[in-house]
Amino acid sequence: MENKLKLEIVTPYGLVFSDDVDEVTAAGSEGEFGVLPGHAPFLTTLKRGMLTYKKGNEVRYFFVNSGFAEVGPDKVIILADSAERSEDIDVERAKAAMKRAEERLKKAEEIDFARAESSLERATARIQIAEKRTAR
Ligand code: ATP
């Protein structure tokens, strides 16, 4: 479609989102980037963080857990380890994951530190992004 971007978010759990949108902003490993229709093609790795898209007057938010973005003049394809729309984030589940990770990190021995830290980061980002949910 002219002057539109096809945004697709794909994870090993399935297709999370697919629609034509006006603008996408995501957390690239080199920093945040914004894409409008007609953007020059590029490929980047993504940091764990927030992805936003605009469609008309609507702004929506997603949690994206690392991965890759392939950008073209009429598309943004996100391949991520996991991703959820802010409205779909289960905050209680994220709080439980956060608590588990914090308890593991407190023990500070015989734990997989990087794994507990990643889990803590995912949970923290989910809780923050869940607050961005749009009122319907
Ligand atoms: P948990 O420890 O609660 O399983 P996790 O960070 O290990 O969390 P992931 O491996 O990132 O979970 O994701 C596994 C699947 O569960 C994915 O489909 C992801 O979208 C979903 N998921 C994980 N946490 C949440 C959440 N808080 N709300 C909604 N979906 C979630």
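Residues numbered from 1 in each chain as written. Predicted model: local features only at pLDDT ≥ 70, side-chain atom pairs only at ≥ 80, totals over all residues. Heavy atoms only, no water.

1. Here's the deal with the overall build of the chain
- Broken down by element type, the chain carries two helices and ten strands.
- Along the chain, from the amino end to the carboxyl end, the secondary structure elements read β-β-β-β-β-β-β-β-β-β-α-α.
- Along the first, second and third principal axes, the C-alpha atoms of the chain reach 55 × 35 × 25 Å.
- Expressed as a percentage of its 136 residues, the buried residues of the chain come to 40%.
- In the chain, once contacts between residues fewer than 6 apart in sequence are set aside, the share between residues at least 24 apart is 52%.
- For the chain, the computed accessible surface area is about 8,200 Å², with 48% contributed by carbon and sulfur atoms. (Helix = DSSP H or I, 4+ residues; strand = E, 2+ residues; numbered from the N terminus. Buried < 20%, exposed > 50% of the residue type's maximum accessible area, 1.4 Å probe, protein only. Contact = heavy atoms within 4.5 Å. Areas by Shrake-Rupley, 256 points an atom, 1.4 Å probe, with all protein chains shown as cover.)

2. Considerations on the site of the ligand
- Neighbouring the ligand are 14 residues, the closest being E84, D90, R100, R122 and R126.
- A distance of 2.9 Å is found between an oxygen atom of the ligand and a side-chain nitrogen or oxygen belonging to R93.
- In the complex, 75% of the free accessible area of the ligand, which totals 590 Å², lies under the protein chains.
- Within the residue set of the shell around the ligand, elements represented by two or more residues are β10 (83-85), α1 (91-107) and α2 (113-130). (Near = heavy atom within 4 Å. Polar contact = N/O pair within 3.5 Å; in protein donor to acceptor, adjacent residues only side chain to side chain.)

3. Considerations on α2
- Taking 1.5 Å per residue, 18 residues should reach 26 Å; α2 reaches 26 Å between its end C-alpha atoms and fits that length.
- Where α2 is buried, its residues touch β6 (49-55), β7 (58-64), β10 and α1. (Expected span 1.5 Å × (residues − 1).)

4. Brief notes about the environment of P37
- Counting through the fold element by element, P37 comes out in the loop between β4 (31-35) and β5 (42-46).
- When its relative accessible area of 29% is taken as the criterion, P37 is described as partly exposed.
- Taking C-alpha positions, P37 is 5.7 Å from K4, a pair spaced 33 residues apart along the chain.
- Once residues lying within four places of it in the same chain are set aside, the contact partners of P37 are N3, K4, L5, D22 and P73.

5. Here we look at α1
- The terminal C-alpha atoms of α1, which comprises 17 residues, lie 25 Å apart, in line with the 24 Å expected from a rise of 1.5 Å per residue.
- When we look at burial in α1, the residues that qualify are A94, A97, A101 and L105. Taken end-on, α1 shows its buried residues confined to a sector of 70°, consistent with a single buried face. Exposed residues on α1 whose side chains face more than 90 degrees from its buried face are E92, K99, K106 and K107.
- Residues of α1 that are buried sit in contact with α2.
- Sitting at the amino-terminal end of α1 is D90, which places a side-chain oxygen 3.2 Å from the backbone nitrogen of E92. (Arc of directions from axis to C-beta.)

6. Digging into the packing of α1 against α2
- Close contact between α1 and α2 brings their axes to 8 Å; oriented N to C, the two are set at 150°. With respect to α2, the axis of α1 lies roughly antiparallel. Considering the relative orientation of α1 and α2, their crossing is left-handed. The segment α1 lies against α2, with V91, A94, K95, A97, M98, A101, E102, R104 and L105 engaging F113, A116, E117, S119, L120, A123, T124, R126, I127 and A130.
- Class assignment for the residues of the contact of α1 with α2 results in twelve nonpolar, two polar and five charged. (Axes fitted to C-alpha atoms, helices over the stretch in contact; angles between N-to-C directions. Parallel < 35°, antiparallel > 145°, perpendicular 65-115°, else oblique. Left-handed = near helix turned anticlockwise from the far one by under 90°. Nonpolar A, V, L, I, M, F, W, Y, C, P; charged D, E, K, R; others polar.)

Just distances and angles here, no functional claims.
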